[in-house]
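Architecture and fold: a report
Chain by chain, the residues:
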Amino acid sequence: MQTIDVWFFKTEDFPPDAQDTQILSTEERNRIAGYSQGKDRIQHQTARFLLRLLLGKYLHIAPEELVLRTGTHGKLYLDYDALTVRGLGHLPQLSFNLSHSEEQIAFAFSFSSPVGIDIEKIRENARSSHLVHRFFHPDEELRFAHLPEWESTQLFFRYWTIREAFLKGLGTGFTISADSFRIDEIDSDSGLYQLTKYPLWRVQALPAPDKYFCSVAYCVQNPL
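The following refers to the structure shown. Because the structure is a prediction, the values reported are computed rather than measured. (Residues numbered from 1 in each chain as written. Predicted model: local features only at pLDDT ≥ 70, side-chain atom pairs only at ≥ 80, totals over all residues. Heavy atoms only, no water.)

**Observations concerning the overall build of the protein chain**
Scanning the protein chain for helices and strands turns up 6 helices and 10 strands. By the compact-globule yardstick of 17 Å for 224 residues, the protein chain fits well, its C-alpha radius of gyration being 18 Å. Counting only C-alpha atoms and orienting by the principal axes, one finds that the protein chain spans roughly 55 × 40 × 30 Å. Per-residue burial over the protein chain gives 49% buried out of 224 residues. Look at the contacts in the protein chain between residues 6 or more apart in sequence, and 56% of them connect residues 24 or more apart. Within the structure as shown, the protein chain displays about 11,800 Å² of accessible surface, and the carbon and sulfur contribution to it stands at 51%. When the 23 basic and 29 acidic side-chain charges of the protein chain are each reduced to a single mean position, those positions are 4 Å apart. (Helix = DSSP H or I, 4+ residues; strand = E, 2+ residues; numbered from the N terminus. Rg over C-alpha atoms; globule rule 2.2 N^0.38 Å. Buried < 20%, exposed > 50% of the residue type's maximum accessible area, 1.4 Å probe, protein only. Contact = heavy atoms within 4.5 Å. Areas by Shrake-Rupley, 256 points an atom, 1.4 Å probe, with all protein chains shown as cover. Lys, Arg positive; Asp, Glu negative; His and termini not counted. Charge placed at Lys NZ, Arg CZ, Asp CG, Glu CD.)

In structure tokens, the structure reads:
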């Protein structure tokens, strides 16, 4: 059975002085310290702190033992070879992804499929028409042509999170042209979508905190 676990957290619920940053790696602490904006620093620290706590719970190991790497296109993954060297082999393969926007952080975890997740806070000044033309499929752009501004903004953030979640799940980022595939709705009631050219992938629109959109992508067959 395919299961995707999704978690939402608010940054303000985890003040920095209540976090045990010793569970973070030296590399993580150095990178976080490099953020010039305090808000960005807190957001990234909290996201990594919570990620390690959750991964530790799923895999039943101490959070500080986890070895996290960043792939070529920026996706985080667990270095299972390094864990084996540490005597922590034979762990189940766990796919995960995270996203944060303003005060919200979202995580997705699965033992049965690669996953990608994206959460975005609605911004009225997002220059959506410019971004739709640049990043969306031509057929999708037509869907925006006669929509009122409010509906256009809502659809834009829905499609943006779908597109981002899929590309993050695939692990390629925008090395794949974002306008090279089209988003098609499978079931309007459940918010389930599919993507042209990628028949094994599905994207689920999720109930999200107020003024946010969130989507999670997964593969309907297990390629792990």
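From this point on, the discussion continues.
**Quick notes on helix α2 (residues 38-59)**
Taking 1.5 Å of rise per residue, 22 residues should cover 32 Å, and α2 covers 32 Å from first to last C-alpha, within 8% of that figure. Two residues or fewer after α2 comes H60, characterised by a positive phi angle close to 60°. (Expected span 1.5 Å × (residues − 1).)

**Considering helix α6 (residues 149-170)**
Between its terminal C-alpha atoms α6 stretches 31 Å, which fits the 32 Å expected from 22 residues at 1.5 Å a residue. Counting buried positions along α6 yields 16 of 22 residues, so the element is predominantly enclosed. Count one or two residues on from α6 and you reach G171, which has phi positive near 85°.

**Here we look at unusual backbone geometry**
For H60, which is not glycine, the phi dihedral falls at a positive 60°. Position of H60 relative to the elements: it lies in the loop between α2 and β2 (68-70). Even without a glycine there, the phi angle at E102 is positive, about 55°. Take E102: it is sitting in the loop between β4 (95-101) and β5 (104-110).

Any link to function would need more than the numbers given here.
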